[in-house]
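Residue-level listing of the chains:
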Amino acid sequence: MNWNDIFATRMGRMKASEIRELLKLLDQPDIISFAGGIPDPKLFPVDAFQGAMTDALSPSNSSAALQYSVSEGYGPLRDWIVEQMAALGVPCSRDNILITSGSQQALDYLGKLMLSPNDTALVSWPTYMGALGAFNAYEPTYDRLIPGGNRSAADYAETAKAAGGRVKFAYASVDFANPTGETLDRTARENILDLADALDIAIIEDSAYQSLRYDGDPIPPMLALEISRKGSIEECRTLYCGSFSKTLAPGLRVGWVCGAASVVSQLVLMKQASDLHSSTLNQMAINTVARSVFEDHTATLRRTYAARRDTMLAALDAHMPEGVTWTKPEGGMFVWVTLPKTMDGGDLLKTALETQKLAFVPGQAFFADRSGANTLRLSFSLADDAQIIEGMTRLGAAIRSMM
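What counts as what
Residues numbered from 1 in each chain as written. Predicted model: local features only at pLDDT ≥ 70, side-chain atom pairs only at ≥ 80, totals over all residues. Heavy atoms only, no water. Pairing = 2+ DSSP bridges. Helix = DSSP H or I, 4+ residues; strand = E, 2+ residues; numbered from the N terminus. Axes fitted to C-alpha atoms, helices over the stretch in contact; angles between N-to-C directions. Contact = heavy atoms within 4.5 Å. Parallel < 35°, antiparallel > 145°, perpendicular 65-115°, else oblique. Left-handed = near helix turned anticlockwise from the far one by under 90°. Nonpolar A, V, L, I, M, F, W, Y, C, P; charged D, E, K, R; others polar. Phe/Tyr/Trp six-rings, centres within 6.5 Å; stacked < 30°, edge-to-face > 60°. Buried < 20%, exposed > 50% of the residue type's maximum accessible area, 1.4 Å probe, protein only. Patch = residues over 30% accessible without salt bridge, like charges linked within 9 Å, V, L, I, M, F, W, Y side chains within 5 Å. Areas by Shrake-Rupley, 256 points an atom, 1.4 Å probe, with all protein chains shown as cover. Salt bridge = Lys/Arg side-chain N within 4 Å of Asp/Glu carboxyl O.

### Side note on the sheet that holds strand S3 (residues 120-123)
Stage number 1. Taken together, the seven strands give an open sheet; going across it, the order is S2-S8-S7-S6-S5-S3-S4, and neighbouring strands pair in mixed fashion. Looking along the sheet, the strands with just one partner apiece sit at the ends: strand S2 (97-100) and strand S4 (141-144). Ignoring which end each strand starts from, the neighbouring axes of this sheet average 25 degrees apart.
Stage number 2. Pairing analysis gives five bridges linking strand S5 (residues 167-173) to strand S6 (residues 202-206), with the strands arranged parallel. Of the residues in S6, the one forming a bridge with serine 173 is aspartate 206.
Stage number 3. The strands touched by helix H4 (residues 75-87) within the sheet are S2, strand S7 (238-243) and strand S8 (255-258), with S2 carrying the most contacts at an inclination of about 120 degrees.

### Focus: the packing of helix H8 (residues 186-199) against helix H9 (residues 222-230)
Stage number 1. Put simply, H8 and H9 touch, their axes get as near as 10 Å, and they point 60 degrees apart. Looking at the two axes, H8 sits oblique to H9. Crossing of H8 against H9: the hand is right-handed. In contact with Arg186, Arg189, Glu190, Ile192, Leu193, Asp194 and Asp197 of H8, H9 contributes Met222, Leu225, Glu226, Arg229 and Lys230.
Stage number 2. Of the residues that constitute the contact of H8 with H9, the class distribution is four nonpolar, no polar and eight charged.

### Considerations on the packing of aromatic side chains
Stage number 1. Enumeration over the complete set of coordinates arrives at nine aromatic pairs.
Stage number 2. Their ring planes at 40 degrees and their centres at 5.8 Å tell us that tryptophan 80 and phenylalanine 244 sit as a pair that is tilted. Here tryptophan 80 is found in helix H4, whereas its partner phenylalanine 244 is found in the loop between S7 and S8, with 164 residues between them in sequence.
Stage number 3. For the pair phenylalanine 244 and tryptophan 256, a centre-to-centre distance of 5.1 Å together with 50 degrees between the ring planes defines the contact as tilted. Taken together, the residues phenylalanine 244 in the loop between S7 and S8 and tryptophan 256 in strand S8 connect sequence positions twelve residues apart. Here phenylalanine 244 matches tryptophan 256 in class, with each residue buried.
Stage number 4. An aromatic cluster of three or more residues is present, and its members are Trp80, Phe244, Trp256 and Phe294.

### Examining unusual backbone geometry
Most of the time, phi is negative for any residue but glycine, and the peptide bond is trans.
Stage number 1. Residue proline 126 is reached from tryptophan 125 by a cis peptide bond, and omega for that bond is 5 degrees.
Stage number 2. Among the secondary structure elements, proline 126 is positioned in the loop between S3 and helix H6 (129-136).
Stage number 3. That bond from asparagine 178 to proline 179 is cis: its omega, 25 degrees, falls within 30 degrees of zero.
Stage number 4. The phi dihedral of phenylalanine 176 is positive, around 55 degrees, even though this residue is not glycine.
Stage number 5. Relative to the elements of secondary structure, phenylalanine 176 occurs in the loop between S5 and H8.

### A short note on the pairing of strand S13 (residues 375-379)
Consecutive residues of a regular strand have side chains that alternate between opposite faces of the sheet.
Stage number 1. The buried fraction of S13 amounts to five of the five residues, a majority that puts the element mostly inside the structure.
Stage number 2. A two-sided burial pattern is seen for S13, the buried positions comprising Thr375, Arg377 and Ser379 on one face and Leu376 and Leu378 on the other.
Stage number 3. The pairing of strand S10 (residues 334-338) with S13 spans five bridges and is antiparallel. By the bridge assignment, valine 337 is partnered in S13 with leucine 376.
Stage number 4. Both strand S12 (residues 361-362) and S13 contribute to a ladder of two bridges, which runs antiparallel. From the neighbouring strand, valine 361 faces S13, where its bridge partner is arginine 377.

### A word on a nonpolar patch on the surface
Stage number 1. Residues Met1, Trp3, Ile6, Phe7 and Met11 make up a contiguous nonpolar surface patch of roughly 600 Å² in combined accessible area.
Stage number 2. With respect to the secondary-structure elements, tryptophan 3 resides in the segment before helix H1 (18-23).

### Structural notes on the sheet that holds S12
Pairing between the strands of a sheet is mediated by backbone hydrogen bonds and can be parallel or antiparallel.
Stage number 1. The strand order S9-S10-S13-S12 describes an open sheet built from four strands, whose pairing is antiparallel. If you trace the sheet from one side to the other, it starts and ends with strand S9 (325-326) and S12, each paired once.
Stage number 2. With two bridges connecting them, S9 and S10 associate as antiparallel partners. Opposite threonine 325, over in S10, you have threonine 338 as the bridge partner.

### Describing the environment of leucine 269
Stage number 1. Position of leucine 269 among the secondary structure elements: in helix H10 (residues 261-274).
Stage number 2. Judged by its relative accessible area of 46%, leucine 269 falls in the partly exposed class.

Spelled out as structure tokens, the structure:
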């Protein structure tokens, strides 16, 4: 039989993650890789998790830890998140929080909730590849979100209508974005809120890196800014996606959505129809570890990753040829490199792998329209100083060889 005749049309929109494929290179000891935007496992709070798992599996807790549970998520963990959101200027309650299997599942659910085929999602150029992957399954059209740009809401609406649908949401990674490392300033966030009000659409605020600021002053989340305008989270159109993957442990797959209870209740229905609930054991462990070490642990991450970022920026300055530029992030895990217009990041990767044993992510995969061929993403979270310096030396050599 021909399975392609049976698959849904949406499968034509779903592609293998170029980053997931590149992560396979990490198993090759001679490759220096800046491809995966992943935490350094040497920094995981292993002792804290060992104690938390032991406690969760103790006679008094094991029945709850190993049993089915509510779809909304483990109550004490949701309470801790409520406290954290309040500290960010987002007063809310348990009813405003849904625990998901990583923030990636949150993006999938939100795409499923809002996108019909040919509806439009507004995203930046470039944007998080995982968001495009999550939304693609629901067959949207993409349009470019430019905070502060000169396009009117009417223009966005007309373009979406011509594509056969309507604009449903704007997606933005606001702090130290994946892939660029850039942060939206307060004015840009306010502009997105204004555009969303004019179009009457939702906002998906991806804040996976919010706790990893190394320089500069914190900027309130868009959800906090909107609450200051409208008075209550129940009146807000912003849906905040958070994650423990970049701070505590990605392998436990625990993230969350914070938003109006009327929207969260619909996401709960999706959770019930999908995987019933996220792992209770993992949620209990995350709750225990977050309450005991989160502040101290994230402070350690900030010190460590900030030093690695500084090493990478200095090495780029020392080894990049003229015509190459890069971002200078205030936090997160990424530096975005722009090559001369005539160069292709995919071709550069092939050369770098063959001649320099060096890996990174070509930038084109982060563009909904597959532009940006002359860009690439570097992650500094996993490499030590010596690897970063050697890696940037090799990258400079690979670029010069193609000039």
